[in-house]
Amino acid sequence: MKISIFGDSILEGVRLENGKYTRGHALMSCFEAEHGVTLDNKSKFGSTIDKGLVRLRRAAEGGSLGSYTVLEFGGNDSAYRWDEVAARPEDEHVCATPPEKFREIYREMIDLVYKNGSWPIVCTLPPISSRLYLDHVTRGGIDKAAILRWLGDIEAISRWQEGYSRMAAELAKDRGCLLLDLRAPFPPYGEELEACLCADGIHPNLAGQQLIYKQASKEWPEIMAGRNGTEK
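Only a predicted model underlies this, so the values are computations on that prediction, with no experimental measurement involved.

Engineer: Describe in detail the overall build of the protein, supporting the description with residues and values.
Structural biologist: For the protein, the helix and strand inventory stands at 10 helices and 7 strands. Relative to the 2.2 N^0.38 estimate, which gives 17 Å for 232 residues, the radius of gyration of the protein is 18 Å and therefore close to what a compact globule would have. Seen through its principal axes, the protein has C-alpha atoms that stretch 50 × 35 × 30 Å. Scored against the burial criterion, the 232 residues of the protein give a buried share of 51%. Across the protein, contacts joining residues at least 24 apart in sequence account for 78% of those joining residues at least 6 apart.

Written as structure tokens, this is what we have:
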């Protein structure tokens, strides 16, 4: 059985190690061996949902979608141009993909998967550390104090990202999709969460990737049985 995967760097397996990003999710091979499936991973670093839709359309047109299609988006969509925010903290700023556009494109992706005879599996997002993330995006000299003035509260960063994860879960319920809850196994905040993340506060480190692997392996039998929120 083939499973197609469309997402961003989280499911691509990106980690920040010694100041450099590395790609490759060794635990994907473990999942294939454990469950007797083939993973066709088309996740891309930095991908927003509109870019994911382009890749999904291409795969659908080529008839290459698997029996299941995993969708994982929202992290890059919820991000802002922090250099612009720092330069003009009194202005209004819009994230990469505003919520209504995010919902619209996600619905289109889900419907496209159904149309092509594959079961969509929508993922929630692992939580992020606002503290580590802000330190990372301002490391080159961007005015952190200006960003904090615009935010009002540093935890607004993680709450905003959580909102995109919640939208994904709501869409899964609304469209009768299967749901893979990647957020559930992570500690919600603080030092325990940061122990599962890279220094950028976004990407799961090896310990975090292991949480994702264990969660996917735990939920896979229910997904196969069609019991995770819907019936096949």
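Engineer: Can you lay out the side chain of S217 for me, pointing to particular residues and giving the numbers?
Structural biologist: Topologically, S217 is positioned in helix α10 (residues 206–225). Every residue in contact with S217, bar those within four places of it in the chain, is listed here: F31, E34 and H35.

Engineer: Explain the pattern of salt bridges to me, and be specific about the residues and the numbers.
Structural biologist: Throughout the structure, instances matching the rule amount to 13 salt bridges. Where R81 meets E84, a salt bridge forms, and the shortest distance between an N and an O atom there is 3.8 Å. A relative accessible area of 30% places E84 in the partly exposed class. A salt bridge links R159 to D153; its shortest N-O distance comes to 2.9 Å. Classification of R159 as partly exposed rests on a relative accessible area of 45%. Residue classification places D153 among the partly exposed residues on the basis of a relative accessible area of 31%. Through salt bridges with shared partners, one network takes in R131, D135, K144 and E194.

Engineer: An account of the sheet that holds strand β1 (residues 2–7) is needed here, citing residue identities and associated values.
Structural biologist: Strand order in the open sheet made by the 5 strands is β4-β1-β5-β6-β7, with parallel pairing throughout. Pairing within the sheet leaves two strands with one partner each, and these edge strands are β4 (38–41) and β7 (178–180). Each adjacent strand pair in this sheet contributes to an overall mean axis angle of 25 degrees, direction not counted. Taken together, the 4 bridges between β1 and β4 define a ladder with parallel strand orientation. In the sheet register, I5 faces β4, and the bridge partner there is N41. Strands β1 and β4 of the sheet are contacted by helix α2 (residues 26–35), whose axis makes an angle of about 150 degrees with β4. Against the sheet, helix α3 (residues 49–61) contacts β1 and β5 (68–72), and its axis sits at roughly 155 degrees relative to β1.

Engineer: Before we move on, could you go through the packing of aromatic side chains and cite the residues and values that matter?
Structural biologist: All told, the structure shown has 13 aromatic pairs when counted by the stated rule. Plain terms: the ring middles of Y80 and W150 are 5.0 Å apart, the flat faces sit at 70 degrees to each other, and that makes the pair edge-to-face. Of this pair, Y80 sits in the loop between β5 and α4 (82–87) while W150 sits in helix α7 (residues 144–151); the two residues are 70 residues apart in sequence, bridging distant segments of the chain. Centroid distance Y114 to W119: 5.5 Å. Interplanar angle 70 degrees. Geometry classified as edge-to-face. Three or more aromatic residues joined by ring pairs form one cluster here, namely F73, Y80, W82, F102, Y106, Y133, W150, W160 and Y164.

Engineer: Go over the environment of I154, please, and point to the residues and values.
Structural biologist: Within the element layout of this structure, I154 appears in the loop between α7 and α8 (156–174). Spatially, the C-alpha atoms of I154 and Y133 are 10.0 Å apart, while their sequence positions differ by 21 residues.

Engineer: Hey, could you go over helix α6 (residues 130–137) for me, with residue numbers and the actual values?
Structural biologist: Given 3.6 residues per helical turn, the α-helix brings residues three or four places apart onto the same face. Of all the 8 residues making up α6, 6 are buried; the element is thus mostly covered by neighbouring parts of the structure. Those residues of α6 lying buried are S130, L132, Y133, L134, H136 and V137. The inward-facing, buried residues of α6 contact β2 (15–17), β3 (20–22), α4, α7, α8 and α9 (190–194).

Engineer: Just give me the short version of the nonpolar core, but keep the residues and values in it.
Structural biologist: With 37 residues, the main nonpolar core has W82, Y106 and M109 as its most contacted residues. At the level of elements, α3, α4, α5 (99–115), α6, α7 and α8 are the ones that each hand at least two residues to this core. Here M109 is in contact with I49, G52, L53, L56, L71 and F73, once residues within four sequence places are set aside. Judged by nonpolar contacts, the second largest core, of 26 residues, contains M28, V37, V70 and L178.

Quick notes on the rules
- Residues numbered from 1 in each chain as written.
- Predicted model: local features only at pLDDT ≥ 70, side-chain atom pairs only at ≥ 80, totals over all residues.
- Heavy atoms only, no water.
- Helix = DSSP H or I, 4+ residues; strand = E, 2+ residues; numbered from the N terminus.
- Rg over C-alpha atoms; globule rule 2.2 N^0.38 Å.
- Buried < 20%, exposed > 50% of the residue type's maximum accessible area, 1.4 Å probe, protein only.
- Contact = heavy atoms within 4.5 Å.
- Salt bridge = Lys/Arg side-chain N within 4 Å of Asp/Glu carboxyl O.
- Pairing = 2+ DSSP bridges.
- Axes fitted to C-alpha atoms, helices over the stretch in contact; angles between N-to-C directions.
- Phe/Tyr/Trp six-rings, centres within 6.5 Å; stacked < 30°, edge-to-face > 60°.
- Core = buried A, V, L, I, M, F, W, Y, C linked by side-chain atoms within 4.5 Å.

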